[in-house]
Every structure is written in C-alpha cells, then in structure tokens.
Amino acid sequence: MIIYGTRHFRFKKATSTQPIYCNHCHNSTYWEQTNIWSWFTLFFIPIFPYWRKQIIICPVCEYGIKLTRKNREEVLKSIDFD
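Position numbers for residues start from 1 in each chain and track the written sequence from start to end. In keeping with the model being predicted, local features are shown solely for residues with a pLDDT of at least 70 and side-chain atom pairs are shown and tallied solely at 80 or more, while totals for entire chains, interfaces and linings include all residues. Side-chain numbers here rest on the full set of heavy atoms in the structure, without hydrogens or water.

S.K.: Explain the nonpolar core here, please?
M.R.: The nonpolar side chains of a soluble globular protein tend to be buried with one another. Only buried Ala, Val, Leu, Ile, Met, Phe, Trp, Tyr and Cys residues count toward a nonpolar core, and they belong to the same one when joined by side-chain atoms within 4.5 Å. Accessible area is worked out with a 1.4 Å probe on protein chains only. A residue is then buried under 20% of its type maximum, exposed over 50%, and partly exposed in between. Residues Ala-14, Ile-20, Cys-22, Trp-31, Ile-56, Cys-58, Leu-67, Val-75, Ile-79 and Phe-81 constitute the largest nonpolar core, which totals 10 residues. Note on contacts: a residue pair is in contact if any heavy atoms of the two residues lie within 4.5 Å. Ile-79 has contacts with Ser-16, Ile-20 and Ile-56, leaving out every residue within four places of it along the chain.

As structure tokens, this is what we get:
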C-alpha cells in the first residue's frame, strides 16, 4: 500500500514597512509577502515541489494579492517591504 498526496507550505518572505489598508476587512495593518509551495508527498514525507505562488497577504483576514511576472514590479514599488 502506497500513501501519497500533497501538502502546502507557507514561508513569510517580508513585511511591509507601513500599514496598508485592506478593502476586504477594512483594517490597516502590515501586510506580509509570502511564498506558498505545494509539495508532492509520499508516506507523509515531502518529496518535491510542483507548484509555487507568491502573494501579499493581509494578516487579519488572509485576503491577498497574487504576484505575477507582469504585476510584481508595480506592486512591490507601491508597497515598501523590509
């Protein structure tokens, strides 16, 4: 019997230097730039990553903006991260 599946790991990369207003929860907080990796697992052991996403997340409501190659520079210029 082989047990396989997927698992998501979240890595905080940076935090904004100024509070950002969230239109979703209406709070002003320091947003986090986060990488989310999806890994293929075998017997609950992560073997290899097969998917990665970079997002900027509001820590209060978990609402986020996905960073793509097209919008990454524009979004990171408007938001200052340390």
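Still more ground to cover, so stick around.
S.K.: Got a minute to help me understand the state of the cysteines in this structure?
M.R.: Two cysteines, two sulfur atoms, one covalent bond between them: this is a disulfide. Defined by distance alone, a disulfide is two cysteine sulfur atoms within 2.5 Å. On inspection of all chains with the given rule, the structure shows 0 disulfides. In this model Cys-25 remains outside any disulfide bridge; the closest cysteine sulfur is found in Cys-22, 3.7 Å from its own.

S.K.: Would you mind showing me how to read unusual backbone geometry here?
M.R.: Leaving glycine aside, a negative phi is the common case for residues, and trans is the common case for peptide bonds. Backbone geometry places Phe-44, a non-glycine residue, at a positive phi of 65°. Strands here are runs of E lasting at least two residues and helices are runs of H or I lasting at least four, both read from the DSSP assignment and numbered beginning at the N terminus. Note on placement: Phe-44 falls in the loop between β4 (32-42) and β5 (45-57). For Phe-44, a relative accessible area of 65% translates into the label exposed. Phi at Glu-62 takes a positive value of approximately 65°, unusual for a residue other than glycine. Mapped onto the elements, Glu-62 comes out in the loop between β5 and β6 (64-67). Glu-62 gets classed as partly exposed once you look at its relative accessible area, which sits at 45%.

So far we have only geometry, and geometry alone does not tell us how the molecule works.
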